[in-house]
Amino acid sequence: MKRDKNRKSVRVTAKLAALLMLLLALPGCQDRVKHVSETEDGLAVGEYPVVIKTIPSLRYAYQPVNVNKRELEEKTREVAGALLQSIGPQKGVNIIGPLTHVMDNLSGNATDVVNMQVGFPLDGEPQPSEVYGFRELDEFHCLTIRVPLTEKFTRALWFQMHRAALKKGLQPNGRGRTVITFNDTGSNYVMELQLGVRS
């Protein structure tokens, strides 16, 4: 009986290995797996240069979001619209930064369900509201890359950023952010992935 179980385990392992080899043989998949590389300017994740930043502390209005990844884009638009309508008319309060997703437990988003906060940095203190929460975000040391908003392999990118951080001698702290902003020419949106590291 034990020998049969061992044979079954070997067969399952062989099938998984064959599936992995098949995936790696697909166009573009090898590039997706071998992401971290050294360049003249430092490290890159695929074609995206790695930049180390320190984001100053900031005030942040948000809504918590817990949805399937397929629904995240629609939910983000919904939350952004609600926040703009609630905060925009308030005197002495201004939205001073781009739409930002905050993930206090990045590893918890390794499944198809994401758990994060979606919101905007603020100048001023907004009125209490049932529409949004409000918190102070601490200074954030992070390793970043900027990718097109249409990038579909973000889970793989987070993993490779973790590898890049270790290559830099940095220790990830389990937190992450994504910031929706413009590219350098202002002609299109990009998404900046920010992997938190210990200072």
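Cut-offs and rules
- Residues numbered from 1 in each chain as written.
- Predicted model: local features only at pLDDT ≥ 70, side-chain atom pairs only at ≥ 80, totals over all residues.
- Heavy atoms only, no water.
- Pairing = 2+ DSSP bridges.
- Helix = DSSP H or I, 4+ residues; strand = E, 2+ residues; numbered from the N terminus.
- Contact = heavy atoms within 4.5 Å.
- Axes fitted to C-alpha atoms, helices over the stretch in contact; angles between N-to-C directions.
- Phe/Tyr/Trp six-rings, centres within 6.5 Å; stacked < 30°, edge-to-face > 60°.
- Buried < 20%, exposed > 50% of the residue type's maximum accessible area, 1.4 Å probe, protein only.
- Lys NZ or Arg CZ within 6 Å of the ring centre and 35° of its normal.

A. Local environment of the sheet that holds strand β1 (residues 36-39). Strand order across the open sheet formed by three strands is β1-β2-β3, with antiparallel pairing between neighbours. Every other strand in the sheet has two partners, leaving β1 and β3 (48-49) as the edge strands with one partner each. Taken together, the two bridges between strand β2 (residues 42-45) and β3 define a ladder with antiparallel strand orientation. Note that in β3 the partner of V45 across the bridge is Y48. Together, β1, β2 and β3 form the strand contacts of helix α4 (residues 154-167), whose direction differs from that of β2 by roughly 165 degrees.

B. Focus on the packing of aromatic side chains. Tallied over the full model, the rule gives two aromatic pairs. Seen in terms of ring centroids, Y60 and Y62 are 5.7 Å apart; in terms of plane orientation they differ by 10 degrees. Their pairing is stacked. Residue Y60 shares its accessibility class with Y62, and that shared class is buried. Their ring planes at 20 degrees and their centres at 4.8 Å tell us that F182 and Y189 sit as a pair that is stacked. On the basis of relative accessibility, which here comes to 42%, the residue F182 falls in the partly exposed class. Directly above the ring of F140 sits R177, whose terminal nitrogen or CZ lies 4.1 Å from the centroid.

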